[in-house]
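Structure at a glance
Here is what each chain is made of, one letter per residue.
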Amino acid sequence: MRSRARIARTLVLLALLVPGLAGAQQLPSPDGFVNDFAGVISADVEAQIRGISTAVQEQTGAEIAVVTVDSISPYPTIEDYGIALADEWNVGSPEEDNGVILIVAVGERRVRVEVGYGLEGAIPDGRAGAILDDYVLPDLRNNDYGAGLLNGVAAIAQIVADEYGVTLTGVRAETRAPSRGSSVDLSDIVYVVFLLLFVGGRWFFWPLLFAGRRRGFFGGGFGSSGGFGSSGGGPSRFSGFGGGGFGGGGASRGF
Amino acid sequence: MARNSKGWIAPVAIIVILLVIGVFWFVGQQNSLITLEENVDAAWSEIDNQLQRRSDLIPNLVATVRGFAEQEEEVFTQIADARARLAGAGTVGETAESYGELQSALSRLLVVVENYPQLQSNENFIRLQDELAGTENRIAVARQRYNTTVQQFNTRIRLFPTRIVANRLGLEQREYFEIDETARAVPTVDFGSDD
């Protein structure tokens, strides 16, 4: 009884310490162009998708991200989840808002393309829906998530390349950056120390670090706090997306 | 003489400094309130844009549906009426209300559409439906952002001491864009109640 009260008190204290994280903690942190949180994409397909996204990013500046999750809970719809994630991750460049996120909710069997402001002209909602219908859904219906997402990303990449008037060259499977992984270097330690020092200091500290990255106070805050997510836990090598804005454009489908 | 001036310079200096600080504070608050109000207006105009965009989509959608389902005149009329009311809405509250009406009229249309499999597989219709759904989603996003800025603004202008500045500027609380959540288009779950 007593220990439970203490645990509760500790939790409350911790919750008070990290107010800034409360809104965002249901959302995972990005880990590159492919974020297979549901574990449904094989390694070589993942490398292919990453290769396409990398080529697109290098040659047009646009960023195409893929996300798979087991569940979008506690968000009521994949549209709500999509815009919250888009606001949190800011895929795309801040000047052009040229990000696209392809999201699959495996549990809900829903898929969504979230299109950044800057690409709404190249990928209007009708076209986004057509991409899902023509390239993504057939494979998803067969539970071949990797193939569906690869086809979808390839189709989107083609449209983006056309929009920027470039021909994508040198697309190759991209394994993870070699520096990523086991070794802990000084910057990781510094990062962790900073996080500890500024726990709850998201509003003071992050803006300094990522000055100009987050625009406005929009996004987040759909649900109330739950458990502690992994955000801010292990240092990730991925330095984050550019800072593109989203307004809810795109299309969704069940499969 | 020197002693004399020393006697009044100190208090006057303090008063001047306080006044200057006060003026700076006031101007600062004034600027930030005006910025906040601009944010509210900007967020509102985004809703407005998307509402307009949806209104522009509707004639196309109706025309497409009509090609397959000519006899569903009642729904078409409801949509046209609701659309006209939305265009004539002045205040935030009126807009929200007629938004809800148009929303439910559109849901009815999409229910009706379920009786026409040919229409549902029509590519043009699918595209329009995606555009409509996308616009609905944009409205939802814009609405949430608008309400967030309104909340910030309303809170600021009601709190002391900013309140004094707000009163001097004649700033008034802004209205939230509240809609009946049940009206939010969920076209596929309703059972067709075509009367």
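As shown above, the structure is provided for reference.
**Some points on the pairing of strand E2 (residues 63–69) of chain A**
Residue and element names in this part refer to chain A. Within E2, seven of the seven residues are buried, leaving the element largely enclosed by the surrounding structure. Neither face of E2 is open: one carries Glu-63, Ala-65, Val-67 and Val-69, the other Ile-64, Val-66 and Thr-68, and all of them are buried. Alignment of strand E1 (residues 34–36) against E2, held across three bridges, turns out to be parallel. Note on E2: the bridge partner recorded for Val-34 is Val-66. With seven bridges joining them, E2 and strand E3 (residues 99–105) adopt parallel strand pairing. The residue bridging Glu-63 from the neighbouring strand is Gly-99, located in E3. Of the crossover connections in this fold, the one passing from E2 over helix H4 (residues 78–89) to the parallel E3 is right-handed.

**Some details on the environment of Ala-43 of chain A**
Residue and element names in this part refer to chain A. With respect to the element layout, Ala-43 can be found in helix H3 (residues 43–60). Look at Ala-43 and you get exposed, because 12 C-beta atoms sit within 10 Å. Distance from Ala-43 to Gly-244, taken between C-alpha atoms, is 28 Å for residues 201 residues apart in sequence.

**What to know about the sheet that holds E2 of chain A**
All names here are of chain A. Reading across from one edge, E1-E2-E3-E4-E5 is the order of the five strands in this open sheet, with mixed pairing throughout. Looking at strand neighbours, the two that pair on one side only are E1 and strand E5 (246–254), the edges of this open sheet. The sheet shows a mean angle of 15° between the axes of neighbouring strands, direction not considered. The sheet strands contacting helix H5 (residues 125–141) are strand E4 (110–116) and E5, and the helix crosses E5 at an angle near 40°.

**A word on the nonpolar core**
Ile-103, Leu-149 and Val-153 of chain A are the most contacted members of the largest nonpolar core, which has 87 residues in total. Leu-149 of chain A has contacts with Ile-41, Ile-49, Val-66, Leu-102, Val-104 and Val-136 of chain A, leaving out every residue within four places of it along the chain.

Thresholds, definitions, all that
Residues numbered from 1 in each chain as written. Chains lettered and ligands numbered in written order. Predicted model: local features only at pLDDT ≥ 70, side-chain atom pairs only at ≥ 80, totals over all residues. Buried ≥ 20, exposed ≤ 12 C-beta atoms within 10 Å, placed from the backbone. Helix = DSSP H or I, 4+ residues; strand = E, 2+ residues; numbered from the N terminus. Pairing = 2+ DSSP bridges. Right-handed = clockwise from strand over helix to strand, strands pointing away. Axes fitted to C-alpha atoms, helices over the stretch in contact; angles between N-to-C directions. Contact = placed C-beta atoms within 7 Å. Core = buried A, V, L, I, M, F, W, Y, C linked by C-beta atoms within 7 Å.

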